[in-house]
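Remarks on the overall topology
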Amino acid sequence: MAVYTDVAADELADFLKQYDLGELLSYKGIAEGVENTNFLLHTTKGSFILTLYEKRVAKNDLPFFLALMTHLAEHGVSCPLPVKARDGEPLHELQGRPAAIITFLEGIWPRKPNAVHCAGVGEGLARMHLAGADFAIKRANALSVAGWRPLFDAAADRADEVQPDLRAFLSAELDYLSGGVWPTDLPEGVIHADLFNDNVFFLGDKLSGIIDFTFACNDMLAYDVAICLNAWCFEPDHSFNVTKARAFLNAYGRLRKLSEAEEAALPLLARGAAIRFLLTRLVDWLNVPPGALVKPKDPLEYFRKLRFHQSVSSARDYGLMPSGLVA
Ligand SMILES: Nc1ncnc2c1ncn2[C@@H]1O[C@H](COP(=O)(O)OP(=O)(O)O)[C@@H](O)[C@H]1O
Ligand SMILES: N[C@@H](CCOP(=O)(O)O)C(=O)O
């Protein structure tokens, strides 16, 4: 999250009159995250998160995100619940932006994830995939292969300012990934699509909740696994940690076993996941809105991860054994 759109106290108090949330006691902008504007609200009824949806979020998609959180929470996944206003609707408008209030989740996201956290995420991701199986609304992944080229086009002219020859590197990788190799027949379902460590809360070693469903969509379940391998299983120096990967994959596999085809596709899916985040970070890095309270994330972290996945020959390099998952 971040703060792109400021909200004055009287505007917020007026907005809250639509809800049954008591009186506003205090609120503050949350500097974490990069996509939307978020405020932490304290009212006489408790703590809540107010989100103003910004640039990358299409208004038409908001009912999907809000209904998904409700569905998952009803199916045993610990995630925020959208708060309905008195008119029964969870979605309203503030400062010209679509806005929603969700419940506050206790917990802290792990700054230095260890293998126990990775196992917790594996289990949490599998639970989410299983719980999403009967979610009726569909949303295509706008940031799958077809969505990467426009991101590249938006950043290409200035990519080499970030690193020499980055433009050529990205262009070649995109040509490869969009040249017919991307899987089309793997099991699909609802994926989180952004399950990074700042979107998973823990109390001690135990996962206490999953937040931020603004990229959730229907896509290959194994692609979500690949996103998590990228987000959770590398060290701060960008080296791959196979112990964390094994902990993550084993925990996932105990609840939802990956098929042989999914396992075989992991290196490719991990390349795709890496370039997707490299590209969105690159665009954001080159386009920080003036005055915004946001810290853009390092695109080159994902360049290094992508280079690693390019060197991977099979899912064994991620800690998977040929016969499937190790207990
Ligand atoms: N339901 C929630 N409960 C508690 N804190 C939250 C909740 N939702 C968001 N936050 C806080 O806001 C930060 C950013 O949220 P996030 O959803 O990742 O933002 P964005 O909309 O930019 O993707 C989180 O790291 C967390 O500190
Ligand atoms: N996880 C993305 C950025 C968007 O997620 P947010 O939860 O931080 O808003 C990345 O790391 O590139």
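Everything quoted here is computed from the prediction, not taken from an experiment. (Residues numbered from 1 in each chain as written. Chains lettered and ligands numbered in written order. Predicted model: local features only at pLDDT ≥ 70, side-chain atom pairs only at ≥ 80, totals over all residues. Heavy atoms only, no water.)

Considering the domain arrangement of the protein chain
Taken domain by domain, the protein chain consists of domain 1 (9–103) and domain 2 (115–318). With centres defined by C-alpha atoms, the gap from domain 1 to domain 2 works out at 26 Å. If you look at the interface, domain 1 gives 23 residues, while domain 2 gives 27 residues. Counting each side, the surface lost to burial between domain 1 and domain 2 is near 2,100 Å², with a carbon and sulfur contribution of 71%. Where domain 1 packs against domain 2, one counts 1 salt bridge. Two residues, Asp61 and Arg139, come together in a salt bridge whose shortest N-O distance is 2.9 Å. Counting the contacts that link domain 1 with domain 2 gives 5 residue pairs in polar contact (both at pLDDT 80 or more). Residue composition of the side of domain 1 that touches domain 2, by class: 14 nonpolar, 5 polar and 4 charged. (Domains from an automatic or database assignment. Contact = heavy atoms within 4.5 Å. Buried area = accessible area lost by both parts, 1.4 Å probe. Salt bridge = Lys/Arg side-chain N within 4 Å of Asp/Glu carboxyl O. Polar contact = N/O pair within 3.5 Å; in protein donor to acceptor, adjacent residues only side chain to side chain. Nonpolar A, V, L, I, M, F, W, Y, C, P; charged D, E, K, R; others polar.)

Quick notes on the sheet that holds strand E3 (residues 46–52)
Taken together, the 5 strands give an open sheet; going across it, the order is E1-E2-E3-E5-E4, and neighbouring strands pair in antiparallel fashion. Looking at which strands have only one partner, the edges of the open sheet turn out to be strand E1 (24–29) and strand E4 (91–94). With direction set aside, neighbouring strand axes in the sheet form an average angle of 30 degrees. As defined by bridge partners, E4 adjoins strand E5 (residues 97–103) across 4 bridges and the pair is classed as antiparallel. Counted as the bridge partner of His92 is Ala99 from E5. Contacts from helix H1 (residues 9–16) reach E1, strand E2 (37–43), E3, E4 and E5, with the element oriented near 120 degrees to E1. (Pairing = 2+ DSSP bridges. Helix = DSSP H or I, 4+ residues; strand = E, 2+ residues; numbered from the N terminus. Axes fitted to C-alpha atoms, helices over the stretch in contact; angles between N-to-C directions.)

Notes on the pattern of salt bridges
On inspection of all chains with the given rule, the structure shows 15 salt bridges. Among the salt bridges present, the one from Lys17 reaches Asp14, with a minimum N-O distance of 3.0 Å. The salt bridge involving Asp157 is made with Arg167; its shortest N-O contact spans 3.1 Å. Taken together, the residues span a long stretch of sequence, with Asp157 in helix H4 (residues 145–162) and Arg167 in helix H5 (residues 166–181) at a distance of 10 residues. Residue Asp157 is classed as exposed on the basis of its relative accessible area of 68%. Looking at Arg167, the relative accessible area reads 36%, which means it is partly exposed. (Buried < 20%, exposed > 50% of the residue type's maximum accessible area, 1.4 Å probe, protein only.)

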